[in-house]
Amino acid sequence: MRLLARTLCALFLVFVLVIAALFVYLRQSLPTTNGESSVAGLGSKVDVLRDGYGIPHIYATNLNDAAYAMGFVHAQDRLWQMEINRRIGSGRLAEVLGPAALDTDRFLRTIGVRRSAESNLAILDATTQDLLTAYSAGVNAFLATNPVLPVEFMLTGARPEPWTPVDSIVWVKMMAWDLGGNWRSELLRMRLAQTMPMARINEFLPPYPGDAPLPTADLKEVYDGLEKEAIRLAADDMNRVMAAAPAELPEGAGSNNWVVAGSRSASGKPLLANDPHLSLTAPAVWYFAHVQTPEGNLIGATLPGVPFITLGRNDRIAWAYTNTGPDVQDLYLERLDATGGYITPSGPAPFTIITETIKVKGAEDVKLEVRISRHGPIISDVAKSALDVTPRGYAIAFAWTALAEDDLTVQASAELSRAGNWTDFLSATGKFGAPQQNMLYADVDGNIGYVAPGRIPVRKAENDLKGLAPAPGWDAKYDWAGFIAFDQLPQSFNPASGRLWTANDKITAPGYRPFITSEWQPPYRSDRIGQLLEATPKHDITSFARMHADVASTALKEAMPYLLATDTKTENGRRALSMLKAWDGEMRKDLPEPLIAAAWWRELTKRIYADELGDAFRPNWSQRAPFMLNVLADRGGQSRWCDDVKTPAVETCAEALSLSLEAALNDLQKRYGSDMGNWRWGEAHGARHEHRPFGRQPFLARIFDISMPSSGDSYTVNVGQHYLNDETAPFANRHAPSLRAIYDLSDPEKSVFIHSGGQSGNRLSSHYKDFTEAWANGQYIPMITDRKRIESAKHDTLRLVPAR
């Protein structure tokens with residue numbers, strides 16, 4: 001027995017020593033931030049000062065050397081993130097993650113993000129190409145030091161290859177993917193058309209509040225003349241394609257920005273605020289950096305893998321983005337012919353064929369034949385295509401502006417950060433292709449402005465689908481007729497009101513032409529921002545910070561009279577209604593009422609439209625506030641949605657409200673205990689920053705994911721988007737302000753910012769998540785460029801010198 005005990009003790013000691021040795025070894029993967037490093041390819045010395053937050057302040061004699069240093073520090077702090085991101089965009093995940101990632105690789109190889117990036121690089125101006133080349137050289141200089149790699153490389157067996165300018169462009173395009181498109185809603189309309197009349201489809205997918213439904217052809221009539229079985233099979237294939245495709249913006253999500261002129265600020269100069277809403281990831285999407293060259297200062301948020309300040313300020317101007325949400329993606333039904341080609345308005349044509357080879361970890365290589373029509377790649381081939389099932393059918397092509405060979409978005413980003421005035425700003429943004437953004441501007445001279453640059457397709461007058469559903473590809477009336485000219489896109493400069501704001505809502509005035517989209521996000525956040533701007537006569541950083549933190553749910557407030565009128569027969573139901581009646585509609589993390597309301601809404605949505613959608617319900621289950629409020633208010637007789645079409649009885653909305661309340665309370669008791677007074681929204685609504693790819697492995701997720709109780713909901717200014725169809729964690733905050741920034745143009749050094757994670761992507765670093773708590777509590781850190789101030793506080797200094 002003693003021998004067994006000694007053996008177990010010895011084995012335990014060996015285990016502890018191995019873990020300790022591994023920890024010590026992996027600690028070497030943390031970056032060297034002090035001293036001097038001799039590197040090849042650098043023009044002249046660069047000083048990199050890292051402040052107490054881990055933010056690098058790069059002091060260089062020219063922009064190319066600054067870009068080189070940016071590549072070096074990005075690689076030091078975010079190498080795994082850069083590696084996984086370029087693999088996502090290039091369709092190379094299966095090389096390191098195995099067969100489970102194959103479908104995503106097939107999708108991204110098919111749409112050809114990397115092929116497009118390669119084409120774009122060739123047409124960029126020399127200045128932008130030089131910056132991308134210098135950045136790549138900086139990344140590769142770090143790799144040449146033969147560093148100990150972060151633990152993700154050890155666990156996946158991946159090895160970083162040399163970085164290239166194409167890798168940078170790939171990730172810019174993937175950001176456009178995250179922010180743009182309506183191809184999923186096109187497919188939903190095509191599917192609903194099989195069982196619903198157009199009037200019901202327009203109710204479920206309603207127009208912007210106050211607008212009439214966009215006049216379009218009846219989808220049933222459009223598709224009735226086609227081979228129905230082939231169309232059904234193509235639609236079924238596209239369900240598998242959607243499962244393989246990277247996620248995009250969820251319903252209700254977006255971003256905020258607002259600006260006031262000096263007439264509305266306490267300082268007499270403009271104030272500008274921004275909070276772009278993106279999926280929460282670990283590490284965070286953004287990496288803060290500051291660059292100083294003889295041309296001046298640049299500071300703000302960068303994307304690891306890209307050398308430019310994407311959101312921020314220089315010495316003269318500040319800029320802020322929100323997503324416009326234009327319709328820049330169209331699906332086309334291509335009618336196949338007997339020869340293996342497809343039908344065009346002028347007759348049969350062959351597909352362009354590209355063969356891709358996908359390497360798969362632990363398995364044989366996979367050959368992928370990509371077919372490309374005149375509209376774009378055939379994405380129905382990602383799954384089992386309709387052509388494989390029927391000898392004569394249809395395939396679905398994907399058109400997207402970001403795939404254009406002449407896309408200059410990367411060049412626009414490079415030029416924008418160097419702009420010194422409104423004229424320079426417009427010159428740069430005029431080259432911006434994808435994704436279209438609502439860009440707000442402010443400068444030290446007191447000017448404010450707005451422009452919405454981006455490449456938006458012109459749809460012909462005779463196009464009776466307007467991009468809302470897959471169009472017959474053989475009919476020329478559905479083809480794009482060029483793109484909207486830059487000077488036709490919405491813009492404003494120094495408006496008399498002294499204020500501008502956007503929140504993914506409708507940006508076009510009544511009667512505006514041409515067509516941008518009909519699928520704007522609902523105006524709940526925008527309306528609230530307008531109210532808050534009006535409520536304070538003279539704004540300052542403090543009032544803007546309060547706006548960023550605002551968690552009044554205007555959507556739930558509008559719904560509350562219908563909810564509170566519910567008749568309940570249970571004690572729990574009566575207590576919940578009493579609590580909600582006294583509640584002010586603030587989605588605060590320390591309250592139980594937001595959780596009760598959110599859970600009730602979840603169950604109510606299921607009861608109202610799950611029966612009509614059938615198999616399409618779960619992937620399309622979301623809050624859908626405009627539709628739900630129309631149903632509860634019985635606008636146009638829409639209360640008929642409360643009837644369960646699967647039963648012979650006729651159910652009412654009153655019954656749906658009562659039953660869904662009880663279902664919600666029962667669900668919450670199972671999740672959080674029997675005493676609703678102890679429930680807390682923040683506990684259920686934790687801001688979940690998911691690691692790629694370990695966030696999907698329960699054990700590793702506990703180590704690599706970041707979570708923090710948070711406030712807000714899908715429609716508050718301080719957004720906290722949760723996914724109703726996530727049965728495990730339906731209230732978890734997955735999509736939120738990825739950063740917040742407030743720019744004070746009276747003294748840009750007073751500007752502040754924060755993002756949701758930390759500067760480091762290394763789990764062993766103290767900077768992995770050191771911003772998260774402050775971010776969740778609505779706090780900021782200073783946006784400083786003055787070297788003396790930086791050197792007067794805690795900092796490290798790394799000097800990069802050219803190798804001799």
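Located above this text is the structure these notes cover.
From a predicted model like this one, the values you see are computed outputs, not experimental measurements.

### Let's talk about the overall build of the chain
Phase 1: Per the secondary structure count, the chain includes 26 helices and 30 strands.
Phase 2: Scaling as 2.2 N^0.38, a compact globule of 804 residues should have a C-alpha radius of gyration of about 28 Å, and the chain matches this with 27 Å.
Phase 3: With the C-alpha coordinates aligned to their principal axes, the bounding extent of the chain is approximately 85 × 80 × 70 Å.
Phase 4: Counting across all 804 residues of the chain, residues that qualify as buried make up 61%.
Phase 5: Looking at the chain alone, contacts between residues at least 24 apart form 72% of all its contacts between residues at least 6 apart.
Phase 6: As displayed, the chain has an accessible area near 30700 Å², and 54% of this comes from carbon and sulfur atoms.
Phase 7: If you average the places of the 82 positive and of the 92 negative side-chain charges in the chain, the two averages end up 4 Å apart.

### Some thoughts on the packing of helix α5 (residues 113-123) against helix α8 (residues 165-179)
Phase 1: α8 packs onto α5 with a crossing angle of 120° between their chain directions and a minimal axis gap of 9 Å. Comparing their axes, α8 and α5 come out oblique. Remark: the crossing between α5 and α8 carries right-handed chirality. Residue-level contacts link Val113, Arg114, Ser116, Ala117, Glu118, Asn120 and Leu121 of α5 to Pro165, Val166, Asp167, Ile169, Val170, Lys173 and Met174 of α8.

### With respect to empty space enclosed by the protein
Phase 1: Counting across every chain of the model gives ten cavities of 30 Å³ or more.
Phase 2: Lining of the largest cavity is provided by 22 residues; of these, Met175, Leu179, Leu303, Thr310 and Tyr321 occupy positions nearest its centre.
Phase 3: Those elements that provide at least two residues to the lining of the largest cavity are α8, β5 (271-279), β9 (309-314), β10 (317-323) and α14 (409-416).
Phase 4: Sorting elements by how many residues they give to the lining of the largest cavity places α8 first, with four residues.

### So, the sheet that holds strand β20 (residues 471-472)
Phase 1: The mixed open sheet is built from three strands, whose spatial order is β16-β11-β20. Two strands in the sheet have a free side with no partner beyond their single neighbour: β16 (394-400) and β20.

### Remarks on the state of the cysteines
Phase 1: Applying the stated criterion to the full structure yields one disulfide.
Phase 2: Disulfide pairing is shown between Cys642 and Cys653; the S-S distance is 2.0 Å. With the S-S bond torsion at 90°, the cross-link from Cys642 to Cys653 turns out right-handed. You can see Cys642 sitting in the loop between α21 (625-632) and α22 (653-672) and its partner Cys653 sitting in helix α22, a full eleven residues away along the chain. Take Cys642 and Cys653: they sit in the same class, and that class is buried.

### Looking at the packing of aromatic side chains
Phase 1: For the structure shown, the criterion picks out 31 aromatic pairs.
Phase 2: An angle of 55° between the planes, with centres 6.1 Å apart, marks the rings of Tyr53 and Phe771 as tilted. Placement of the pair is Tyr53 in the loop between β2 (46-51) and β3 (56-59) and Phe771 in the loop between β28 (752-755) and α25 (772-776), with a sequence separation of 718 residues.
Phase 3: Phe771 sits in the buried class, given a relative accessible area of 2%.
Phase 4: Members of the aromatic cluster, connected to one another through ring pairs, are Phe204, Tyr609, Phe617, Trp621, Phe627 and Trp641.
Phase 5: The aromatic ring of Tyr59 is capped on one face by Arg787, whose charged end is 4.4 Å from the ring centroid.

### Observations regarding unusual backbone geometry
Phase 1: The amide bond that connects Ala434 to the next residue, Pro435, takes the cis arrangement and shows omega of 0°.
Phase 2: Residue position: Pro435 is located in the loop between α15 (422-429) and β17 (437-443).
Phase 3: The residue after Arg513, namely Pro514, is reached through a cis peptide bond having omega 10°.
Phase 4: Tracing the backbone shows Pro514 in the loop between β23 (499-502) and α16 (524-535).
Phase 5: A positive phi angle, close to 55°, is found at Asn146, a residue other than glycine.

### Overview of the sheet that holds strand β22 (residues 491-493)
Phase 1: Spatial strand order, β1-β30-β2-β3-β7-β8-β9-β10-β17-β18-β22: eleven strands in an open sheet with mixed pairing. Edge strands, defined here as strands with exactly one partner in the open sheet, are β1 (35-39) and β22. Going across the sheet, the axis of each strand differs from the next one's by a mean of 20°, ignoring polarity.
Phase 2: Across the sheet, α15 touches β10, β17, β18 (448-451) and β22, and the angle it forms with β18 is around 15°.

### A word on the pairing of strand β4 (residues 255-260)
Phase 1: When you tally the buried positions in β4, you get six out of six residues, the bulk of the element.
Phase 2: The side-chain alternation of β4 yields two buried faces, one formed by Ser255, Asn257 and Val259 and the other by Asn256, Trp258 and Val260.
Phase 3: Two elements, β4 and β5, share six bridges in a ladder whose sense is antiparallel. Bridge pairing links Val260 to Leu271 in β5.
Phase 4: Pairing between β4 and β23: four bridges, direction antiparallel. When the sheet's bridge partners are listed, Trp258 is paired in β23 with Trp501.

### A few points about the nonpolar core
Phase 1: Ranked by size, the top nonpolar core spans 222 residues in total, and within it Phe107, Trp183, Phe425 and Tyr609 carry the most contacts.
Phase 2: If one sorts the elements of this core by residue count, helix α2 (residues 63-90) sits on top with 13 residues.
Phase 3: Judged by nonpolar contacts, the second largest core, of 14 residues, contains Trp258, Leu271, Met547 and Val752.

### Some points on the layout of surface pockets
Phase 1: The volume enclosed by the second largest pocket comes to roughly 500 Å³.
Phase 2: Taken together, 24 residues form the lining of the second largest pocket, with Arg374, His375, Gly376, Pro377 and Leu403 sitting closest to its centre.
Phase 3: At the level of elements, α5, β16 and β21 (480-483) are the ones that each hand at least two residues to the lining of the second largest pocket.
Phase 4: Per-class residue counts for the lining of the second largest pocket are eleven nonpolar, seven polar and six charged.

### Re the environment of Thr127
Phase 1: Mapped onto the elements of the fold, Thr127 is located in helix α6 (residues 126-143).
Phase 2: Sequence separation between Thr127 and Gln411 is 284 residues, and the spatial gap between their C-alpha atoms is 8.6 Å.

### Some points on the pairing of β2
Phase 1: Within β2, six of the six residues are buried, leaving the element largely enclosed by the surrounding structure.
Phase 2: Taking every second residue as pointing to the same face, both faces of β2 are buried, with Val46, Val48 and Arg50 on one and Asp47, Leu49 and Asp51 on the other.
Phase 3: In terms of strand pairing, β2 meets strand β30 (residues 795-802) through six bridges, oriented antiparallel. Counterpart to Val46 in the pairing with β30 is Leu800.
Phase 4: Where β2 lies against β3, four bridges are found, and the strand directions are antiparallel. Looking across to β3, one finds that Leu49 is bridged to His57.
Phase 5: From the end of β2 to the start of β3, which pair antiparallel, there are four residues, and Gly54 there has a positive phi angle of about 85°.

Basis of the calculations
Residues numbered from 1 in each chain as written. Predicted model: local features only at pLDDT ≥ 70, side-chain atom pairs only at ≥ 80, totals over all residues. Heavy atoms only, no water. Helix = DSSP H or I, 4+ residues; strand = E, 2+ residues; numbered from the N terminus. Rg over C-alpha atoms; globule rule 2.2 N^0.38 Å. Buried < 20%, exposed > 50% of the residue type's maximum accessible area, 1.4 Å probe, protein only. Contact = heavy atoms within 4.5 Å. Areas by Shrake-Rupley, 256 points an atom, 1.4 Å probe, with all protein chains shown as cover. Lys, Arg positive; Asp, Glu negative; His and termini not counted. Charge placed at Lys NZ, Arg CZ, Asp CG, Glu CD. Axes fitted to C-alpha atoms, helices over the stretch in contact; angles between N-to-C directions. Parallel < 35°, antiparallel > 145°, perpendicular 65-115°, else oblique. Left-handed = near helix turned anticlockwise from the far one by under 90°. 1 Å grid on protein atoms, 1.4 Å probe; cavity = no way out; pocket = protein on both sides within 12 Å on 5 of 7 lines; lining within 4 Å. Points joined across faces, edges and corners; volume = space filled by probe spheres on them. Pairing = 2+ DSSP bridges. Disulfide = S-S within 2.5 Å. Phe/Tyr/Trp six-rings, centres within 6.5 Å; stacked < 30°, edge-to-face > 60°. Lys NZ or Arg CZ within 6 Å of the ring centre and 35° of its normal. Core = buried A, V, L, I, M, F, W, Y, C linked by side-chain atoms within 4.5 Å. Nonpolar A, V, L, I, M, F, W, Y, C, P; charged D, E, K, R; others polar.

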